[in-house]
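These are the residues of each chain, in order.
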There are 2 protein chains.
Amino acid sequence: MSRLPTRPGRLQKAPEFFLTRDAMTLSRDDRRSFLRRAFVAAGGAAGALALPKAFAADGDAGDPAILTLPAHSKGLGQPVAARPYGLPSKHEDNLQRRESPGLTRVSAASVSFAPLQGLFGIITPNGLHFERHHQGWWDIDPAQHRLMIHGLVKEAKVYTMDDLMRMPSVSRMHFIECGANTGMEWGNVAVPTVQYTHGMLSCCEFTGVPLKWLLDDCGADVKTGRYVLAEGADGSGMTRTINMANALDDVLVAWAMNGEMLRPENGYPLRLVVPGVQGVSWVKYLRRIKVGDQPFATKDETVHYVDMMPDGQHRQYTSIQEVKSVITSPSGGQILVDRGFFNVTGIAWSGRGKIRRVDVSVDGGKNWKAARLETPILDKCLTRFNLDWTWDGGDAILMSRATDSTGQVQPSIGALRKVRGTRSIYHNNAIQSWLVSPNGEVGNVQIG
Amino acid sequence: MSRLPTRPGRLQKAPEFFLTRDAMTLSRDDRRSFLRRAFVAAGGAAGALALPKAFAADGDAGDPAILTLPAHSKGLGQPVAARPYGLPSKHEDNLQRRESPGLTRVSAASVSFAPLQGLFGIITPNGLHFERHHQGWWDIDPAQHRLMIHGLVKEAKVYTMDDLMRMPSVSRMHFIECGANTGMEWGNVAVPTVQYTHGMLSCCEFTGVPLKWLLDDCGADVKTGRYVLAEGADGSGMTRTINMANALDDVLVAWAMNGEMLRPENGYPLRLVVPGVQGVSWVKYLRRIKVGDQPFATKDETVHYVDMMPDGQHRQYTSIQEVKSVITSPSGGQILVDRGFFNVTGIAWSGRGKIRRVDVSVDGGKNWKAARLETPILDKCLTRFNLDWTWDGGDAILMSRATDSTGQVQPSIGALRKVRGTRSIYHNNAIQSWLVSPNGEVGNVQIG
């Protein structure tokens, strides 16, 4: 990275809006009007922004915000531990996980999306981690919580939280993505912002005991017992089959995320972490592991989380989240206020390994450039990418295409539809395209 | 890591207490009485804990918490986005950053300590990041905030937050440690828990623009200008000199921590990130960078943050945080309830590079074993270590000793005192020792 551009462009973040079904079903032109109205409603705050002011080194900075000392430069501020558990600035109130009332009818059995457009790096702060509940969330007393391991084991056992947390533990950073992430986009462009297209995605440092150590502790028969069942303690009776190969590899029985105990919305006090596999298998409020000799064929894997194929058949047990990426800024709903330089940035991930490269196009896929990947690049974890871009004020279509360490390349939506059709809900890892219009508005479009 | 121990021990976390000067100045025996009283006050919750129960695989689990379905397994829980910005479980209320009223007289100009004894992995959640304020904290309006760069530059400039956040950015994980961390331990054992001995330490993923890119943007004279001054906007007028070598290496002008904007307590909207260097140089509310040809000799580096040497002279500009580690569990104030297996775990870090190894002793330094280091091992970042240990119920003294990638080895307190004396406040990187008594209480002792 050499000298900075002398004239960075400016980007107006879209006012966050509460997406309604009306907004979701707007045609593209209508949606752009909607965004424009939303922008006007925001009061044209862009007018207050200024380019860097150059001035003689010994001269007058000229900027009142530099020359006039504000109250906070002259007074005594708030004391320490005024908030024993800290919170974001009041100026960041707008950055929230949000639900889409049009998506599901019972909000308790629903989804809130992480605001990817406003996040940085790869870590998702716990307060903004996406939510997916099948029967609402609970704040379970850890002193009463138990994990039972049984089935094809020599000695079935019941563990308390205290038992588990005394064991040797491992901490690893992994992404978690709902299998239905980007699921609304199979047929057509459905939602305007990256929060709603890709926001069922988060990434944390998880801490727990490897499941294989617990299976070993119970004397599991890992030859006949080729599968384990994981069951959650909430009212949904969530049950998922995990391959024994995964269980013996990198699956964790986890109690912590990002250095502290799991949040209630994310399965406190215990959840399964199944790196690379869709979120539904990361069973929350984990209460039971059963070792068996065949898949358990539960409702949550035979009726739900199956892929509708073009021939009308459902594909089952497709749970690995394939290589995928998305540009988070500029992204749908944002507005480029000025021509000039922008840092095009986004995230890439693969359930099969590490990200090897990300290519970015600003012309709808005609030309591609290798993006700068940030480090560390970790297994089954988000990787942040960046590309310098100067917007000339014309139409532009921004796309990112990830390649993982197995050589898999993220497909276009067209290529994916040829195999999978348009009626699926799950496992859409297509390239995402954002159209920048000459008026600076960024919208969701589908290319290829 | 092979088979788990069949009989894990149990550990009673100490009730958190609000440390008063009385508690701080207790003699060791008195302090142990204090801890015992605190434990009794907690109501002996340990009695509710149970070892893993084994039962025939097809038999009766026997545990009412497994056999009787609780309310949360039968009902509908809380809806999504009930908390648009999420918070920890109510059962974790006790894990807080805490101030020590005895440490400083004006709490606004003081410290709150991170609860290291209850944290996992390497990431510190933002809500528990330690605080150090010199004039209290503010929640500054980012639209009004400016950064001026001037001095030995071709073109002085004033940047808005919007200008900065449009630039290419970098995200990196680094520890931040106050130079005064563990400072109370120079003379004698001073405080009973790891929260107070080592809790001015946190670790986050920081996002910002490299300072070198901004210096380049202003045409800084990096040959004559061997130093930069960093100034904060809060009432303390915090000013620190940074070597140009650091500025051109890995220093960031940062706006984000752990994926979201900085917290007000940690410098929102802009702070300097100076990897490996003591926290005071990570100037919060950063408003000004001046390039100069000599150290600026500000009050915060000539009067404060200097090292009192045995000969009565003060050593200045010793700002790198040397190789250091601490066992966070078992640690002072905790109580081992049973003999048996414990995962001895802690964190290690060095301002000079990566952690190469950590050795752990359970017998006061007679014998040492290499601990298991967790990955990724990153530059100027925390590294989590673990060691299997079976407590036989006798006296034990737990110690950890880190070695960094430059070959530096963490010194004993005795060796450090030979060079530095006992009257310092800053830059104590000595080995920490925890005494486990036959009654299970863990206390702070100094060995060597």
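These numbers were taken from a predicted model, which means no experiment stands behind them.

*Asks:* Honestly, the domain arrangement of chain A in this entry has me stumped. Any pointers?
*Replies:* One frequent convention defines the size of an interface as the accessible area lost when the parts assemble. Residues and elements named next belong to chain A. By domain assignment, chain A separates into domain 1 (96-311) and domain 2 (324-445). For domain 1 versus domain 2, the separation of C-alpha centres amounts to 26 Å. Between domain 1 and domain 2, the residue contacts involve 40 residues of the former and 37 residues of the latter. Summed over both sides, the interface between domain 1 and domain 2 buries roughly 3,300 Å², with carbon and sulfur atoms accounting for 56% of that surface. On inspection of domain 1 and its partner domain 2, the count reaches three salt bridges. Residue Glu-177 pairs with Lys-324 through a salt bridge whose shortest N-O separation is 2.7 Å. If you look at where domain 1 meets domain 2, you find 22 residue pairs in polar contact (both at pLDDT 80 or more). Elements with a contribution of two residues or more to the side of domain 1 that touches domain 2: β8 (170-177), α5 (194-198), β9 (201-210) and β16 (307-308). A breakdown of the residues in the side of domain 1 that touches domain 2 according to their chemical character gives 20 nonpolar, 15 polar and five charged.

*Asks:* Looking at this structure, I do not really get the relation of the copies chain A and chain B. What am I missing?
*Replies:* The second copy of the chain is related to the first by a rotation about an axis and a shift along the axis. With an axial shift of 0.0 Å and an RMSD of 0.0 Å, the rotation relating chain A to chain B amounts to 180 degrees. What the superposition gives is, in effect, a two-fold axis relating one chain to the other. An overlap of 100% is found between the interface residues of chain A and their copies at the interface of chain B, pointing to a shared contact surface.

*Asks:* Where do I start with the side chain of Ser-361 of chain A in this structure?
*Replies:* All names here are of chain A. Residue position: Ser-361 is located in strand β21 (residues 355-361). A polar atom in the side chain of Ser-361 sits 2.7 Å from the side chain of Asp-363. Among all residues touching Ser-361, those that are not within four sequence positions of it are Lys-366, Asn-367, Trp-368, Ile-397, Leu-398 and Met-399.

*Asks:* For this particular structure, what's the right way to read the pattern of salt bridges?
*Replies:* Any two side chains of opposite charge can pair if their charged atoms end up close together. Residue and element names in this part refer to chain B. For the coordinates displayed, the defined rule picks out 36 salt bridges over all chains. The shortest N-O distance in the salt bridge between Arg-287 and Glu-231 comes to 3.1 Å. In this pair, Arg-287 is assigned in strand β15 (residues 286-292) and Glu-231 in strand β10 (residues 227-232), connecting sequence segments 56 residues apart. One exposure class covers both Arg-287 and Glu-231, and it is buried. A salt bridge links Asp-307 to Arg-420; its shortest N-O distance comes to 3.5 Å. Within this pair, whereas Asp-307 is found in strand β16 (residues 307-308), its partner Arg-420 is found in helix α9 (residues 413-420), the two being separated by 113 residues in sequence.

*Asks:* I'm lost on the interface of chain A and chain B in this one. Help?
*Replies:* In this complex, chain A contributes 126 residues to the contact, which on the side of chain B involves 126 residues. Residues Glu-265 of chain A and Arg-83 of chain B are paired through a salt bridge, measuring 2.8 Å at the closest nitrogen-oxygen approach. On the surface where chain A and chain B come into contact, there are 41 residue pairs in polar contact (both at pLDDT 80 or more). Among the elements that line the side of chain A that touches chain B, the one with the most residues is strand β7 (residues 156-160) of chain A, at five residues. Taken together, the residues of the side of chain A that touches chain B sort by class into 61 nonpolar, 34 polar and 31 charged.

*Asks:* Could you clarify how one ought to interpret the sheet that holds strand β18 (residues 324-329) of chain B in this entry?
*Replies:* By definition, the strands of a sheet pair up through backbone hydrogen bonds, in either a parallel or an antiparallel sense. All names here are of chain B. Across the sheet, which stays open at both edges, the four strands sit in the order β18-β20-β24-β23 with antiparallel pairing between neighbours. The strands lining the two open edges of the sheet, one partner per strand, are β18 and β23 (372-373). Where β18 lies against strand β20 (residues 340-349), five bridges are found, and the strand directions are antiparallel. Across the sheet, Ile-327 pairs through a bridge with Gly-346, a residue of β20.

*Asks:* In this structure, what is going on with the packing of aromatic side chains? I would like to understand it.
*Replies:* Each pair of aromatic rings is reported with the distance of its centres and the angle of its planes. Residue and element names in this part refer to chain A. Counted by the stated rule, this structure contains 10 aromatic pairs over all chains. With a centroid separation of 5.4 Å and an interplanar angle of 65 degrees, the aromatic rings of Phe-206 and Trp-282 are classed as edge-to-face. Placement of Phe-206 in strand β9 and of Trp-282 in the loop between β14 (271-273) and β15 (286-292) is noted, with a sequence separation of 76 residues between them. Look at Phe-206 and you get buried, because its relative accessible area is 0%. A cation over a ring is seen here: Arg-401 above Trp-368, with NZ or CZ 4.2 Å from the ring centre.

*Asks:* Which parts of the structure should I look at to understand unusual backbone geometry?
*Replies:* Trans is the common state for peptide bonds, and a negative phi is the common state for residues other than glycine. The omega angle of the peptide bond from Tyr-268 of chain A to Pro-269 of chain A is 5 degrees, so this bond is cis rather than trans. With respect to the helices and strands, the residue Pro-269 of chain A is situated in the loop between β13 (260-261) and β14. Backbone geometry places Lys-380 of chain B, a non-glycine residue, at a positive phi of 55 degrees. If you trace the backbone, Lys-380 of chain B turns up in the loop between β23 and β24 (383-391). Residue classification places Lys-380 of chain B among the buried residues on the basis of a relative accessible area of 10%.

*Asks:* How should I be thinking about the state of the cysteines in this particular structure?
*Replies:* Here a disulfide denotes a covalent bond joining the sulfur atom of one cysteine to the sulfur atom of another. The full count for this structure, using the stated rule, is zero disulfides over all chains. Of all cysteine sulfurs in the structure, the one in Cys-203 of chain B sits closest to Cys-381 of chain B, which takes part in no disulfide; the separation is 3.7 Å.

*Asks:* Can you walk me through the sheet that holds strand β3 (residues 98-99) of chain A in this structure?
*Replies:* The antiparallel open sheet is built from three strands, whose spatial order is β3-β4-β5 (chain A). A strand with exactly one partner marks an edge of an open sheet, and here the two such strands are β3 and β5 (131-132) of chain A.

*Asks:* Whenever I open this one, α9 of chain B confuses me. Can you help?
*Replies:* Working note: α-helix, 3.6 residues per turn, so residues spaced by three or four point in the same direction. Residue and element names in this part refer to chain B. Residues of α9 that are buried include every one of Ile-413, Gly-414, Leu-416 and Arg-420, and no others. When α9 is viewed along its axis, its buried side chains cluster within an angular range of 160 degrees and face the same direction. Residues of α9 that are exposed and point over 90 degrees away from its buried face: Lys-418 and Val-419. Those residues of α9 that are buried are in contact with β16 and β17 (314-315). After α9 finishes, the residue Gly-421 shows a positive phi value of roughly 75 degrees.

*Asks:* Whenever I open this one, the side chain of Ser-331 of chain A confuses me. Can you help?
*Replies:* All names here are of chain A. With respect to the helices and strands, Ser-331 occurs in the loop between β18 (324-329) and β19 (335-336). Given the relative accessible area of 0%, Ser-331 is considered buried. Within the structure, Ser-331 has its side chain in polar contact with the backbone oxygen of Thr-328 (distance 2.7 Å). Ignoring anything within four residues of it in the chain, the contact list for Ser-331 reads Gln-117, Val-194, Trp-434 and Val-442.

*Asks:* Looking at this model, I keep getting lost on the pairing of strand β27 (residues 442-445) of chain B. Mind explaining?
*Replies:* Consecutive residues of a regular strand have side chains that alternate between opposite faces of the sheet. Side chains Val-442 and Asn-444 of chain B project from β27 of chain B onto one buried face, and the interleaved Gly-443 and Val-445 of chain B project onto a second face that is buried too. Linking strand β26 (residues 433-436) of chain B to β27 of chain B, which pair antiparallel, is a turn of five residues; within it Gly-440 of chain B sits at a positive phi near 95 degrees.

*Asks:* Sorry, what's going on with the pairing of strand β12 (residues 252-257) of chain A here?
*Replies:* Residue and element names in this part refer to chain A. In terms of burial, β12 is largely enclosed, as six of its six residues are buried. Relative to β12, β9 runs antiparallel, the two being bridged by five bridges. Within the sheet, the bridge partner assigned to Gly-208 lies in β12 and is Ala-254. Note that β12 and β13 share two bridges and pair antiparallel. Bridge pairing links Met-257 to Glu-260 in β13.

Conventions used here
Residues numbered from 1 in each chain as written. Chains lettered and ligands numbered in written order. Predicted model: local features only at pLDDT ≥ 70, side-chain atom pairs only at ≥ 80, totals over all residues. Heavy atoms only, no water. Domains from an automatic or database assignment. Contact = heavy atoms within 4.5 Å. Buried area = accessible area lost by both parts, 1.4 Å probe. Salt bridge = Lys/Arg side-chain N within 4 Å of Asp/Glu carboxyl O. Polar contact = N/O pair within 3.5 Å; in protein donor to acceptor, adjacent residues only side chain to side chain. Helix = DSSP H or I, 4+ residues; strand = E, 2+ residues; numbered from the N terminus. Nonpolar A, V, L, I, M, F, W, Y, C, P; charged D, E, K, R; others polar. Least-squares fit on C-alpha atoms with pLDDT ≥ 70 in both. Buried < 20%, exposed > 50% of the residue type's maximum accessible area, 1.4 Å probe, protein only. Pairing = 2+ DSSP bridges. Phe/Tyr/Trp six-rings, centres within 6.5 Å; stacked < 30°, edge-to-face > 60°. Lys NZ or Arg CZ within 6 Å of the ring centre and 35° of its normal. Disulfide = S-S within 2.5 Å. Arc of directions from axis to C-beta.

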